[in-house]
Amino acid sequence: MLVVAIGAVALVVVALTRGGSDASAAQKDPAWCTPGTQRTALCPHSKVFVPKDYAVHGDAFECINFASQADAQAVLRANPTDPNHLDDGGGVACRGLPEPRDTTPVTGAAQHFACGPGETRSALCPQAKRAFDPRYFLRYGSDAYDCSDFAAQAEAQAVLRFAPSDPNHLDDDGNGVACPNLPGPKDVKPVQRGTS
């Protein structure tokens, strides 16, 4: 009985120090973020966010203006012509921004991306003569790329081999094979999963 009571007290203390059940509710914006202020990188905890407000002024905003990748993606969805040039390629905006994330590609997004001479091979640059560097797909940290970003299954597998912790969630079923539905060339030799 004493153990249960001590456990209950510990849970209450943890909940109070975290600000109740919603830890983010305890996080406050700076004083200059008045009620009704848009959610931005400067006011990341504001609840108000109207994507269309960012999509009608031409090339007026950059990734650094947004509190999260999902906010930037909502702006790209609001105007797929992408006047702010937020699309990092493949219909996904500002991959380097923090969570929450929305990496489902926006169909019909204007492509301002051009394959340069040293650009790594990807779904946007599928040319076989281009170099493929798995590190390219790890540059933004966790869950920045999806299977649709790769030109072939073997390339997604190469990224999984390079980083078996799978920060991009290319092997969600955990069987060691990344993006099995992508076209060939294929590499279906399982990767020993773990931390990298």
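Scope of this entry: the structure provided in the associated data block. (Residues numbered from 1 in each chain as written. Predicted model: local features only at pLDDT ≥ 70, side-chain atom pairs only at ≥ 80, totals over all residues. Heavy atoms only, no water.)

Turning our eyes to something else, we now look at the overall build of the chain. On a plain count of helices and strands, the chain comes out with three helices and zero strands. Listing every helix and strand of the chain by position from the N terminus yields α-α-α. Put simply, the chain has 196 residues, and 36% of those count as buried. Counting only contacts in the chain whose residues sit at least 6 apart along the sequence, the fraction spanning at least 24 positions is 51%. Roughly 11,200 Å² of accessible area belongs to the chain as shown, and the carbon and sulfur atoms make up 60% of that amount. (Helix = DSSP H or I, 4+ residues; strand = E, 2+ residues; numbered from the N terminus. Buried < 20%, exposed > 50% of the residue type's maximum accessible area, 1.4 Å probe, protein only. Contact = heavy atoms within 4.5 Å. Areas by Shrake-Rupley, 256 points an atom, 1.4 Å probe, with all protein chains shown as cover.)

Right, let's talk about the nonpolar core for a bit. With 14 residues, the main nonpolar core has F137, F150, A156, V159, L170, A178 and C179 as its most contacted residues. Dropping the residues within four chain positions of it, F137 is found in contact with T120, R121, S122, F132, Y145, D149, F150, V159 and N168. Counting 13 residues, the second-largest nonpolar core is a separate cluster that includes A72, V75, L76 and A109. (Core = buried A, V, L, I, M, F, W, Y, C linked by side-chain atoms within 4.5 Å.)

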